[in-house]
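# Topology and contacts: notes
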Amino acid sequence: MKRLRLYFLAPSALILAALFLIPLLIVAVYSLESRGAYGGVTPPFTAESYIRIFDPLYLKILWRSFWVAGVSTLVCLILGFPLALFISRAGARRGLYLQLVMLPFWTSFLIRTYAWMFLLRDTGLINTALLATGLLRDPLPLLYNDFAVILGLVYGFLPFMVLPLYTNLEKLDPALLEAAADLGARPLTALARVTLPLCRPGILAGSILVFIPCLGAYLTPDLMGGGKSIMIGTLVQNQFTTARDWPFGAALSLFLMALTLGLLYLASKRSSGEDLL
Amino acid sequence: MNRRTLFFAGLTGLAGCSRSSQPRLNVYNWSNYIGPQTVAQFERQTGIHIRYGIFESSDELLAKALTGNCGWDVVFPTNHHVTPLREYNLLAPLDHSQLPNLRNLAPGFQSPEWDPQLTHSVPYMSTSAGIVYNRRQLGQLTRWADLWEPKVKGRMTMLDAQDDVLGACLVKLGHDWNATSEAQLRAAQREAIRQKPLLRAYLNAEVRDQVVAGDVLAAQMWTTTMLPVMTQAPQLDFIYPAEGFVRYAESAVILRESPRAEAAHRFIDFLLQPEVAAACVMAEKTGPVLAGVRELLPPELRDHPLLFPAPQDLARGVWLRTMPPTAQRLRDRLWTEIKSA
Amino acid sequence: MRLLSLYAVAAYAFLHLPLLVLTVFSFNQSRFTQWEGFSLRWYTQALADSALREATVNSLLIGGAATLLATALGTLCAYGLWKKKAPRLTGMLYLSLMTPEIVTGVALLAFYQWLFHFLNLHLGMITVILAHVSFCLAYVVIVVMARLRTMDATLEEAALDLGANEFEAFYLVTLPQLLPAIVSAALLAFTISFDDFVITSMVAGVDSETLPMVMYATARRGVSPVLNAVSTIIVVGLGLLILISERLQTKT
């Protein structure tokens, strides 16, 4: 067993230690220094950046980000589950269908977002079509609001939900469902009582993969939301660019990470002591 | 020593940058900010091979240059980033004897306020930001204050950049675009929050399509972004607002880390020729900084107000300045408050 | 099941609608999002652009190498963690997912600078690939792990009882069952790597500009149909590649 662990875990541990942990320590040092006049950091050491976080202004932004990320994750789960179910039952076509999910994501994120902006804007495809039917007199405000932000996030991270769900569902033994049917369970009941509980690991993995990047997203809220409100990702991004306040940016992101980690820990405690990974 | 920066900022460039024997030069510029043949022409004339890279924002450039080992030789920061680069000792001093074409600079650019002696930077292109609007639907606009009128409600955008939004609010109130006073900045912030209900969105160049299509009737926008499409959209008009507006100058600098100062000088001097500059202007529709370029342009560009603002307009323009740290922090805080309002 | 198929059609429409839009506009005569007639001008422009070509090749190389490495290491890692928990490593994996991209980017840049103090290297393909491996790793582990957790450990034990050693048990028994998960993990890793802008733009050097970097730099001056054309070429190219490999797989 010892040997096994060494061979199987050491390469990843090494990569993470070198390319993640050490850089993270550098960030931790940054967060405790003072800001350089035009970017970068400079002595003396201070905890000022951390104290600044506890400002109602920033806490409100944090709260909003968690809320938006949470809603997006939920929508992803609701939309992603049936799709994953469909793919897992598609027989020989499974691989193809799976890749069709990923296909749009090989274009640049920016280009996809621009395409959505075209679809949703006042003179865009959807509004033009709706107006042409005569159902509406004025275009629907589809862009530059929370709806657009969540739509953009759901679109952007749906594959992150579908993939782990699929790998989970694909493994489920069809015999279990047959057994449920034989015992008189209707398909939906079987889904709720048999499939869903067995999908716990996939749901958990997918939710994490969606929730975390949604929390840190910055371009989607800016472009789809029209920059009218700010999320934590944009705030952090600003600190390293226009605001040139690296220590505050570093402190903010470490605080965000600690918060998310705490949340995950609580979630894993709640889920009957089961580990997430 | 209070200017000591990140712990790696002091590092000088490492050796071992040149891999082939052919002399080369690494140039890092804004996207499409050069004539289509300019690089090839320089390579033919000098035998120096150019590796031409493009960056997305001047902030990104600053972050990379701060490392003191980014590998680029000639880069093109916006004027307000020249000061930070110089203060952090990241720029190589320019040798004017290797830049005979400096004499071609237009009078307005011979002694710019961010580098009066041109010791470390040479202006390259110049742009500004004003208001683009749909004249057919809105009638004549003249001022920033027009963007606070109910008639633009829901059909107007501002740039998604704190300096531009706060700046417009400041000049609307009669203050300096680059104000650092807390009272003035707070007043400007209240102005921006007052404007927010009228606003469709804070957007940058992405909004161009929607201005042309008519979704958006008025937008704060850069000249460089709008100029290429103005002829195809006759309903649009661009103004330099009466209260004042901001100007930017992209500047050529040589990084201190560069081991190829001589080639770098040659390249900058090459760009300082009116014919070369004219090709860049024609390709990219950005304001020239050299005298004698205007005459080389085709008629439709020669008198274009977006390239050559009328003197009475130009008089109202101010250069974007580098903010001192305290003002920068306050501005960011106010901007965050505007966004959260 | 019919309802499910109907839903799937709608879901794929949702996923592919933007793709359709940008494909249509890549053939548009006008440079705006108003249809003016069919034209291939953006394609000729895209193909003539050497910077775009170079960046595409770079992106494919980086994406390919990073996917290969991250998938291999991540699969091994997931398997090792499945066998026996390693809370510290698990924590690191989670943290690496949680770091905002810009922070990863700035931190990696600082780290590389510090490293170059001792090694005669500079920013380039290698630094970008290593960065991509490190941020793709956690995604691979999570996807593979989601599969492992549904698997029966007794199968391997049976193999061990029958005289296989640990590696044979892994290679002959578990790995084949993991294959679908490994494929989806690799897909995910490639997609993330291929689309990354923030981190890449920080750690890329003079000769390692990627496609997203060129796209962002170009698009900041207003969207250009050339970018639509490039996107279409890539999607169609990679799509065909997948279709062919799919055909080959079903044949064998």
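Residues numbered from 1 in each chain as written. Chains lettered and ligands numbered in written order. Predicted model: local features only at pLDDT ≥ 70, side-chain atom pairs only at ≥ 80, totals over all residues.

## Topic: the overall build of chain A
Applied cut-off: Helix and strand assignments come from DSSP, with helices taken as H or I runs of at least 4 residues and strands as E runs of at least 2, each series counted from the N terminus. Whether a residue is buried, exposed or partly exposed is read from the other C-beta atoms within 10 Å of its own C-beta, which are placed from the backbone; 20 or more gives buried, 12 or fewer gives exposed, and intermediate counts give partly exposed. Residues are treated as contacting if the C-beta atoms built from their backbones sit within 7 Å of each other.
The number of helices and strands found in chain A is 13 helices and 2 strands. By its C-alpha atoms, chain A is 70 × 70 × 35 Å across when sized along the principal axes. The proportion of buried residues among the 277 residues of chain A is 52%. Across chain A, every contact between residues at least 6 apart in sequence was considered, and the portion connecting residues at least 24 apart equals 67%.

## Let's talk about the overall build of chain C
On a plain count of helices and strands, chain C comes out with 11 helices and 0 strands. Along chain C, from the amino end to the carboxyl end, the secondary structure elements read α-α-α-α-α-α-α-α-α-α-α. Projected onto its principal axes, the C-alpha positions of chain C cover 70 × 60 × 30 Å. The buried share among the 252 residues of chain C stands at 52%.

## So, the pairing of strand S2 (residues 49-55) of chain B
Residue and element names in this part refer to chain B. Inclusion rule: Pairing between strands is defined by DSSP: at least two bridges between the two strands are required. Handedness is read with the strands pointing away from the viewer; a crossover is right-handed when the path from the first strand over the helix to the second is clockwise.
Pairing analysis gives 7 bridges linking strand S1 (residues 24-30) to S2, with the strands arranged parallel. Across the sheet, Arg-24 pairs through a bridge with His-49, a residue of S2. What joins S1 to S2 is helix H1 (residues 38-46), and the crossover it makes is right-handed.

## Details of the nonpolar core
The tendency in soluble globular proteins is for nonpolar side chains to be buried side by side. Selection rule: In plain words, the nonpolar core is the set of buried Ala, Val, Leu, Ile, Met, Phe, Trp, Tyr and Cys residues that C-beta atoms within 7 Å link up.
One finds Tyr-139, Val-143, Val-144 and Ala-189 of chain C to be the most contacted residues of the largest nonpolar core, which totals 271 residues. Here this core gets 17 residues from one element, more than from any other, and that element is helix H6 (residues 125-148) of chain C. The residues contacting Tyr-139 of chain C, other than those within four sequence positions of it, are Leu-209 of chain A together with Ala-185, Leu-188, Ala-189 and Ile-192 of chain C.

## Thoughts on helix H9 (residues 261-271) of chain B
Along H9 of chain B, the positions that sit buried rather than exposed are Ala-263, Ala-264, His-265, Phe-267, Ile-268 and Leu-271 of chain B. Looking at the buried residues of H9 of chain B, the elements they touch are S1, H1, strand S3 (74-75), strand S4 (121-134), strand S9 (245-254) and helix H10 (274-284) of chain B.

## A few points about the interface of chain C and chain A
The condition that has to hold: Under this grouping Gly is polar, as are all residues other than the nonpolar Ala, Val, Leu, Ile, Met, Phe, Trp, Tyr, Cys and Pro and the charged Asp, Glu, Lys and Arg.
On the chain A side, the residues contacting the 83 residues of chain C number 74 residues. Mapped by element, the contributors of at least two residues to the side of chain C that touches chain A are helix H1 (2-26), helix H3 (50-83), helix H4 (87-98), helix H5 (101-116), H6, helix H8 (166-195), helix H10 (211-219) and helix H11 (225-251) of chain C. If you tally residues by element for the side of chain C that touches chain A, the top one is H1 of chain C, at 13 residues. For the side of chain C that touches chain A, the residue count by class is 58 nonpolar, 16 polar and 9 charged.

## Description of the interface of chain B and chain A
Contacts between chain B and chain A engage 33 residues on the former and 32 residues on the latter. Residue assignment for the side of chain B that touches chain A shows that the elements contributing at least two residues are helix H2 (58-65), helix H3 (79-87), strand S6 (199-202), helix H7 (208-213) and helix H13 (325-340) of chain B. At 8 residues, the largest contribution of residues to the side of chain B that touches chain A is made by H13 of chain B. Taken together, the residues that form the side of chain B that touches chain A break down as 13 nonpolar, 8 polar and 12 charged.

## Observations concerning the packing of H3 of chain C against H6 of chain C
Residues and elements named next belong to chain C. What counts here: Every angle, taken between N-to-C directions, lies between 0 and 180 degrees, and every axis is a line fitted to C-alpha atoms, over only the stretch in contact when it is a helix. The cut-offs work like this: below 35 degrees is roughly parallel, past 145 is roughly antiparallel, 65 to 115 is roughly perpendicular, and the gaps in between are oblique. Helix crossings fall into two classes, left-handed where the near helix is turned counterclockwise from the far one by less than a right angle and right-handed where it is turned clockwise.
As a packed pair, H3 and H6 sit with axes 6 Å apart at the nearest point and diverge in direction by 40°. On the basis of their axis angle, the class for H3 and H6 is oblique. Note that H3 runs across H6; the crossing there is right-handed. Looking at the contact of H3 with H6 residue by residue, the class counts come to 22 nonpolar, 4 polar and no charged.

## Re the environment of Met-98 of chain C
Among the secondary structure elements, Met-98 of chain C is positioned in helix H4. According to the C-beta neighbour criterion, Met-98 of chain C is buried, with 24 such atoms within 10 Å. Beyond its immediate sequence surroundings of up to four residues, Met-98 of chain C is in contact with Ile-212, Met-257, Thr-260 and Leu-261 of chain A.

## Considerations on the confidence of the model for chain A
The test is simple: Per residue, pLDDT measures the predictor's confidence, with a range of 0 to 100.
For chain A, the average pLDDT comes to 86, and 96% of its residues sit at 70 or higher. Taking the mean pLDDT of every element in chain A, the minimum, 77, falls on helix H8 (residues 174-182) of chain A and the maximum, 94, on helix H3 (residues 56-88) of chain A.

## Describing the packing of helix H7 (residues 146-171) of chain A against H8 of chain C
Where H7 of chain A meets H8 of chain C, the closest approach of the two axes is 10 Å, and the angle between their N-to-C directions is 175°. Overall, the two elements H7 of chain A and H8 of chain C adopt an arrangement that is roughly antiparallel. Across from Leu-163, Tyr-166, Thr-167 and Glu-170 of chain A in H7 of chain A, the residues of H8 of chain C making contact are Pro-180, Ala-181, Ser-184 and Leu-188 of chain C. When its residues are assigned to classes, the contact of H7 of chain A with H8 of chain C shows 5 nonpolar, 2 polar and 1 charged.

## Re the environment of Leu-215 of chain A
Residue and element names in this part refer to chain A. Structurally, the position occupied by Leu-215 is in helix H10 (residues 200-216). With 26 C-beta atoms counted inside 10 Å, the residue Leu-215 sits in the buried group. Separated by 62 residues in sequence, Leu-215 and Leu-153 have C-alpha atoms that sit 9.8 Å apart. With sequence-adjacent residues up to four places away left out, Leu-215 is seen in contact with Ser-65, Phe-66, Ala-69, Ile-232 and Thr-260.

## Here's the deal with the environment of Leu-25 of chain B
Residues and elements named next belong to chain B. With respect to the helices and strands, Leu-25 occurs in strand S1. Taking C-alpha positions, Leu-25 is 6.2 Å from His-49, a pair spaced 24 residues apart along the chain. Apart from residues no more than four positions distant in its own chain, Leu-25 is found in contact with Ile-48, Ile-50, Asp-73, Val-74, Arg-260, Ala-263, Ala-264 and Phe-267.

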